[in-house]
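The residues making up each chain are set out below.
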Amino acid sequence: VYTGQSADELLRPGSVAQLMHPDDYSLVVDGWRRGAADGLGFTCEYRLRRATGGYEWHAARTEPIHGLAG
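Residues numbered from 1 in each chain as written. Predicted model: local features only at pLDDT ≥ 70, side-chain atom pairs only at ≥ 80, totals over all residues. Heavy atoms only, no water.

Chemist: Would you explain the environment of Ser15 in this entry?
Modeler: Looking at where Ser15 falls in the secondary structure, it is placed in helix α2 (residues 15-19). Given the relative accessible area of 8%, Ser15 is considered buried. In contact with Ser15, not counting residues within four places along its chain, are Gln5, Glu9 and Leu10. There is a polar contact of 2.9 Å between the side chain of Ser15 and the backbone oxygen of Arg12. (Helix = DSSP H or I, 4+ residues; strand = E, 2+ residues; numbered from the N terminus. Buried < 20%, exposed > 50% of the residue type's maximum accessible area, 1.4 Å probe, protein only. Contact = heavy atoms within 4.5 Å. Polar contact = N/O pair within 3.5 Å; in protein donor to acceptor, adjacent residues only side chain to side chain.)

Here is the structure:
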């Protein structure tokens with residue numbers, strides 16, 4: 001596994017936050033919240049810790065799914 005954690009460990013609340021670079025965490029969380037609130041989604045790049053301890057850049061994108069009522 002890329003992060004060195006099992007699937008069960010990754011599903012625990014807060015586990016992904018511990019794998020993000022501390023300087024990137026707020027950017028990702030704030031962007032996700034804004035994207036969810038305005039219905040537009042967002043894109044960003046952040047660093048994720050590998051099992052070896054180093055960080056690698058990743059891209060993330062969220063896209064809203066709207067029902068027939070908007």
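Chemist: Looking at this model, I keep getting lost on the pairing of strand β1 (residues 42-49). Mind explaining?
Modeler: Note on strand geometry: in a regular strand, side chains alternate between the two faces of the sheet. Covered by surrounding structure in β1 are Phe42, Cys44, Tyr46 and Leu48 only, the residues Thr43, Glu45, Arg47 and Arg49 on the alternate face being uncovered. Bridging between β1 and strand β2 (residues 55-62) involves eight bridges; their strand directions are antiparallel. Its bridge partner lying in β2, Arg49 is registered against Tyr55. Joining the antiparallel neighbours β1 and β2 is a turn of five residues, in which Gly53 adopts a positive phi near 105°. (Pairing = 2+ DSSP bridges.)

Chemist: Can you walk me through the pattern of salt bridges in this structure?
Modeler: Pairing between side chains of opposite charge can happen when their charged atoms approach one another. Per the counting criterion, the structure on display carries two salt bridges. In this structure, the salt-bridge partner of Asp24 is Arg47, at a minimum N-O distance of 2.7 Å. With Asp24 in helix α3 (residues 22-38) and Arg47 in strand β1, the pair connects residues that are 23 residues apart, well separated along the chain. Glu63 is paired through a salt bridge with Arg61; the nearest N and O atoms lie 3.7 Å apart. The exposure class of Glu63 is exposed, given its relative accessible area of 54%. With a relative accessible area of 61%, Arg61 lands in the exposed category. (Salt bridge = Lys/Arg side-chain N within 4 Å of Asp/Glu carboxyl O.)

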